[in-house]
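Chain by chain, the residues:
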Amino acid sequence: AKAKDCLPATRCYQSFLGRYPMNARARHGLAELRPVALPELIKSAQAARSEGNWIKVEDNLFAAAGLAPQLTDVHLALANCRLEIVRAPASLLVAERILQSEPDHIEALNIKGRALREMSKSEASEACLRHALNRDPKNPKTLNNLGILKRAQGDRTAAADCFRRAARVQPDNAVLHRNLA
């Protein structure tokens, strides 16, 4: 198959997100793109993640999102991937698109809160995370993200409280206990 066979999926995804930075494959002329099934892309992304190859994870999730723009989970995975490779504005864009249709989506609110924190927008980040906590007061991911934000703001007491609350919900989560230390 020629590279141009994959362009409709790419265009579909770009229309979902609006203008978006090109992924690594697009930067290399789309030469290695070929039509693949969605499960194959997800499996490849999972394998790349276990190898720590975040660019390959992003490429596969970008293509998967183009094939299935209606699957919120694929977009959430892409946004989380972009946070891992320090692309907060790109993650924020994905989260905001999801929140347009699902304004109380806890995972999207967490991604938006993390992205805003990474972009040094603490007030907006806190408002977003508080909105998520209003929807689900015991969500350990939200509590952890709020704790990280509070610690960055210098409020160690509030941060520790968030981490303790999260650890009560998920006592086996090593990350929460490490944040408490």
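Given the structure is predicted, the values throughout are model-derived calculations rather than measurements. (Residues numbered from 1 in each chain as written. Predicted model: local features only at pLDDT ≥ 70, side-chain atom pairs only at ≥ 80, totals over all residues. Heavy atoms only, no water.)

**Structural notes on the overall build of the protein**
The helix and strand tally for the protein stands at 11 helices and zero strands. Secondary structure of the protein in N-to-C order comes out as α-α-α-α-α-α-α-α-α-α-α. Within the structure as shown, the protein displays about 9700 Å² of accessible surface, and the carbon and sulfur contribution to it stands at 51%. (Helix = DSSP H or I, 4+ residues; strand = E, 2+ residues; numbered from the N terminus. Areas by Shrake-Rupley, 256 points an atom, 1.4 Å probe, with all protein chains shown as cover.)

**Side note on helix 5 (residues 72–84)**
Taking 1.5 Å per residue, 13 residues should reach 18 Å; helix 5 reaches 18 Å between its end C-alpha atoms and fits that length. Of the positions making up helix 5, those classed as buried are V74, H75, L76, L78, A79, C81, R82 and L83. Phi turns positive one or two residues past the end of helix 5, at V86, with a value near 55 degrees. (Expected span 1.5 Å × (residues − 1). Buried < 20%, exposed > 50% of the residue type's maximum accessible area, 1.4 Å probe, protein only.)

**Points about helix 6 (residues 88–101)**
Taking 1.5 Å per residue as the helical rise, helix 6 with its 14 residues ought to reach 20 Å, and the 21 Å between its terminal C-alpha atoms agrees with that figure. Those residues of helix 6 that sit buried are A88, A90, S91, L92, V94, A95, I98 and L99.

**Examining the side chain of K150**
Tracing the backbone shows K150 in helix 9 (residues 140–152). A distance of 3.1 Å separates polar atoms of two side chains, one belonging to K150 and the other to E126. Apart from residues lying up to four places away in sequence, K150 is in contact with E126, R130, D155, A158 and A159. (Polar contact = N/O pair within 3.5 Å; in protein donor to acceptor, adjacent residues only side chain to side chain. Contact = heavy atoms within 4.5 Å.)

**Observations regarding the packing of helix 9 against helix 10 (residues 156–169)**
Contact geometry for helix 9 and helix 10: axes closest at 8 Å, N-to-C directions at 165 degrees. The orientation of helix 9 relative to helix 10 falls into the category roughly antiparallel. The interaxial crossing formed by helix 9 with helix 10 has left-handed handedness. Contact residues: helix 9 offers P140, L143, N144, L146, G147, I148, K150 and R151, while helix 10 offers R156, A158, A159, C162, F163, R165, A166 and V169. Of the residues assigned to the contact of helix 9 with helix 10, the class counts are 10 nonpolar, two polar and four charged. (Axes fitted to C-alpha atoms, helices over the stretch in contact; angles between N-to-C directions. Parallel < 35°, antiparallel > 145°, perpendicular 65-115°, else oblique. Left-handed = near helix turned anticlockwise from the far one by under 90°. Nonpolar A, V, L, I, M, F, W, Y, C, P; charged D, E, K, R; others polar.)

**A closer look at the nonpolar core**
L76, L83, I98, A108, L109, I111 and A115 are the most contacted members of the largest nonpolar core, which has 17 residues in total. Those elements that provide at least two residues to this core are helix 5, helix 6, helix 7 (106–118) and helix 8 (122–135). Formed by nine residues, the second largest nonpolar core is a distinct cluster that contains L129, L146, L149 and L176. (Core = buried A, V, L, I, M, F, W, Y, C linked by side-chain atoms within 4.5 Å.)

**Notes on the pattern of salt bridges**
Scanning all chains against the criterion turns up seven salt bridges. Here K112 ties to E96 by a salt bridge, and the two come within 3.9 Å at their closest N and O atoms. Taken together, the positions of K112 in helix 7 and E96 in helix 6 put the pair 16 residues apart, joining distant regions of the chain. The partner of D104 in a salt bridge is R135, with the nearest N and O atoms 3.4 Å apart. Here the residue D104 occupies a position in the loop between helix 6 and helix 7, and R135 occupies one in helix 8, the gap between them amounting to 31 residues. D104 gets classed as partly exposed once you look at its relative accessible area, which sits at 35%. Taken together, the shared-partner salt bridges connect E126, R130 and K150 into one network. (Salt bridge = Lys/Arg side-chain N within 4 Å of Asp/Glu carboxyl O.)

**Observations regarding unusual backbone geometry**
Even without being a glycine, S120 presents a positive backbone phi close to 60 degrees. Structurally, S120 can be placed in the loop between helix 7 and helix 8. Residue S120 is classed as exposed on the basis of its relative accessible area of 64%.

**Looking at the packing of helix 6 against helix 7**
As a packed pair, helix 6 and helix 7 sit with axes 8 Å apart at the nearest point and diverge in direction by 150 degrees. Here helix 6 lies roughly antiparallel to helix 7, going by the angle between them. Considering only the axes of helix 6 and helix 7, their crossing is left-handed. Mapping the contact onto sequence places A88, S91, L92, A95, E96, I98 and L99 in helix 6 and A108, L109, I111, K112, A115, L116 and E118 in helix 7. For the contact of helix 6 with helix 7, the per-class residue count stands at 10 nonpolar, one polar and three charged.

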